[in-house]
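Chain by chain, the residues:
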There are 2 protein chains.
Amino acid sequence: MTIKEVAEKFDMTNDTLRYYEKIGLIGPVKKNSSGIRDYSKNDLKRIEFIKCMRSAGISIEVLKKYVDLYDKGESTKDIRQQLLEKEKEKLEEKIKTMTEALDKLKYKIELYKTDKLDKYL
Amino acid sequence: MTIKEVAEKFDMTNDTLRYYEKIGLIGPVKKNSSGIRDYSKNDLKRIEFIKCMRSAGISIEVLKKYVDLYDKGESTKDIRQQLLEKEKEKLEEKIKTMTEALDKLKYKIELYKTDKLDKYL
DNA sequence: TATTGACATAGACCACACTTTAAGTGCTAT
DNA sequence: ATAGCACTTAAAGTGTGGTCTATGTCAATA
C-alpha cells in the first residue's frame, strides 16, 4: 500500500505519515527498488492504533515510549500494561472534564433559548 | 482580589491570567493607584467560564470571538447562541471520539490481563 | 534606610505536532 | 524524449498556547 492510499485510508497527510516514521512511531516502512514506501499489514495496524490514540489526545511522547517498549519484546509486557492503564485513567479524567464543560455549555444555551441570560458572559 | 489569589482559585498561573488579559479574553482588569490588578466579581465569572471551556479544548480564538460579541451587546445574542451551539456539537463529537479510543484502550488492557496479545502493538 | 518580595511591563522563548520548502529521482503518458 | 506528476530527503517554518526573562516600581518589614 502506498503512502497516498494509507493517508487516505486513515484521513491524514503523507507528511504526517513520514513524520511519524521519522520519529520512530511507525516503521521503518519497507521501500521498493526505487525508494517508494510500501506499507505492510503490520504497519497499517500500528498506524490505526496510533491514529486512534492520537485522536484521543494521547501524546506522541507516550506513544513513542509504548512502541519502543513493544519493540523490545516480551519482557516489557508488564510495564506496557501499566503505561496503558495510566493513559486510560488520564483519558477517563479528560472525558469527565469535557463532559462537565459540555453540561455547562448546554445550560448556557438553555439560558439563551429562554432569554434568561444574566449580566455575565 | 489579587492576581495571585485568582490564579490559586482557578489553578492557573499569573502569567496566563495576564496573557488572557493581553489578548482581550478577560478584562481589562481594574488596577489600584499603584498599578496592581484588583479582579472584580465579574472578572472572576468570566475567568471561570473561560477556564472551563479551555479545559474542554475550546480554542482561544473561539472564546475571543464569543467575548467580543458579548461586549458588543444585546444585538449579538443570536449569533452568540449559534456559536455556542456549534461548539457544543464539536465538543460532543470530541467526547465521542475519545470514548471510542477509551474503549479500545480498555480492550487492549484486557488482552494484556488475559495474556491474549497478538503480534500487533 | 535598606532590603525583601509581590507585582508590573514588553518582548523573547518554549513545547508540541505537524507542515512546508527546496532540491532531486523516477515512472507514465503524450 | 520531454513534460508532468508522485514520490523521496533534510531542514526550516508555522500555529497554538502559554511561559520565562529582564528590568523596574512599590509597600512593608528588619
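Our subject is the structure that appears above.
All values derive from a computational prediction rather than experimental measurement.

Asker: Hey, could you go over the environment of E85 of chain A for me, with residue numbers and the actual values?
Answerer: Note on placement: E85 of chain A falls in helix 5 (residues 77–113). By relative accessible area, which is 23% here, E85 of chain A ends up partly exposed. If sequence neighbours within four positions are ignored, E85 of chain A has contacts with I109 and K113 of chain B.

Asker: Please set out the interface of chain A and chain B residue by residue, giving values where relevant.
Answerer: Listed per partner, the contact involves 43 residues of chain A and 44 residues of chain B. Taking both sides of the interface into account, the surface hidden between chain A and chain B amounts to around 4,200 Å²; carbon and sulfur atoms contribute 75%. For chain A, the biggest contributors to the area lost against chain B are M98, Y112 and L121 of chain A; these three give 20% of the whole. Applying the counting criterion to the chain A and chain B interface returns six salt bridges. Between E85 of chain B and K113 of chain A there is a salt bridge whose closest N-O contact spans 3.9 Å. Applying the counting criterion to the chain A and chain B interface returns 12 residue pairs in polar contact (both at pLDDT 80 or more). For the side of chain A that touches chain B, the elements supplying multiple residues, two or more each, are helix 3 (41–55), helix 4 (60–72) and helix 5 of chain A. Of the residues forming the side of chain A that touches chain B, the biggest block, 23 residues, is contributed by helix 5 of chain A.

Asker: Account for the protein's contact with DNA strand C, naming residues and giving values.
Answerer: With respect to spatial proximity, 19 residues lie near DNA strand C, and among them D15 and Y20 of chain A together with R18, K31 and R37 of chain B are the closest. Protein-adjacent atoms of DNA strand C, using a 4 Å cutoff, are sugar or phosphate at a proportion of 82%. Between DNA strand C and the protein, one listed contact pairs a phosphate oxygen with a side-chain N or O atom of K31 of chain B at 2.6 Å. Between DNA strand C and R37 of chain B, the relevant distance is 2.8 Å, taken from a phosphate oxygen to a main-chain nitrogen or oxygen of the residue. Elements that contribute at least two residues to the surface near DNA strand C include exactly helix 2 (14–22) of chain A together with helix 1 (3–9) and helix 2 (14–22) of chain B. Per element, the largest residue contribution to the surface near DNA strand C is four residues, and it comes from helix 2 of chain A.

Asker: I'd like to hear about the packing of helix 5 of chain A against helix 3 (residues 41–55) of chain B, residue by residue, with values.
Answerer: The contact between helix 5 of chain A and helix 3 of chain B brings their axes to 8 Å, and the two run at 130°. The angle between the axes of helix 5 of chain A and helix 3 of chain B places the two elements in the oblique class. The way helix 5 of chain A lies across helix 3 of chain B gives a crossing that is left-handed. From helix 5 of chain A, T97, M98, A101, K104, L105 and K108 of chain A reach across to helix 3 of chain B, where they touch E48, F49, C52, M53 and S55 of chain B.

Asker: Would you mind going over the pattern of salt bridges in detail, with residue names and values included?
Answerer: Residues and elements named next belong to chain A. Using the criterion set out here, one finds 18 salt bridges over all chains in the structure. K64 is the partner of D68 in a salt bridge, and the nearest nitrogen-oxygen pair spans 3.0 Å. Of this pair, D68 and K64 both sit in helix 4, four residues apart, which is roughly one turn of that helix. Given the relative accessible area of 25%, K64 is considered partly exposed. E87 serves as the salt-bridge partner of K90, at 3.1 Å between the closest nitrogen and oxygen.

Asker: Can you lay out the protein's contact with DNA strand D for me, pointing to particular residues and giving the numbers?
Answerer: DNA strand D sits among 17 residues. The nearest are R18, K31 and R37 of chain A together with Y20 and R54 of chain B. The protein-proximal atoms of DNA strand D, defined as those within 4 Å of the protein, are 79% sugar or phosphate. Between DNA strand D and R18 of chain A there is a distance of 2.4 Å, counted from a phosphate oxygen to a side-chain nitrogen or oxygen. In this structure, a phosphate oxygen belonging to DNA strand D sits 2.5 Å away from a side-chain N or O atom of K31 of chain A. Among the elements that make up the surface near DNA strand D, the one with the highest residue count is helix 2 of chain B (four residues). Per-class residue counts for the surface near DNA strand D are five nonpolar, five polar and seven charged.

Criteria and thresholds
Sequence order as written defines the numbering, with residues in each chain counted from 1. Both sets of labels track the order of writing: A upward for chains, 1 upward for ligands. At least 70 in pLDDT is required for a residue's local features to be given in this predicted model, at least 80 for side-chain atom pairs to be given and counted, and no such filter applies to totals for whole chains, interfaces and linings, which use all residues. With hydrogens and water set aside, each side-chain value is computed from the structure's full complement of heavy atoms. Secondary structure elements are taken from DSSP: a helix is a run of H or I of four residues or more, a strand is a run of E of two residues or more, and numbering for both begins at the N terminus. Exposed residues in this analysis have more than 50% of their type's maximum accessible area, buried residues have under 20%, and partly exposed residues fall in between, with area computed by a 1.4 Å probe over protein chains only. Residues are treated as being in contact if the distance between any of their heavy atoms lies within 4.5 Å. Accessible area that two parts lose when put together, evaluated with a 1.4 Å probe and summed over both, is termed the buried area. Within this document, salt bridges are pairs made up of a side-chain nitrogen of Lys or Arg and a carboxyl oxygen of Asp or Glu, the two lying within 4 Å of each other. Within 3.5 Å is the distance limit for a polar contact, defined as a pair of N or O atoms, with the added protein rule that one can donate a hydrogen and the other accept it, and that residues adjacent in sequence qualify only through two side-chain atoms. Throughout, the term near means that a residue has one or more heavy atoms lying within 4 Å of the molecule or strand in question. Note on definitions: angles span 0 to 180 degrees between N-to-C directions of axes, and those axes are lines fitted to C-alpha atoms, for helices only across the stretch in contact. Note on terminology: angles under 35 degrees are roughly parallel, angles over 145 are roughly antiparallel, angles of 65 to 115 are roughly perpendicular, and the others are oblique. Here a crossing is taken to be left-handed if its near helix is turned anticlockwise relative to the far helix by less than a right angle, and right-handed if that turn runs clockwise. Three categories are distinguished: nonpolar for Ala, Val, Leu, Ile, Met, Phe, Trp, Tyr, Cys and Pro, charged for Asp, Glu, Lys and Arg, and polar for the others, with Gly belonging to the last.

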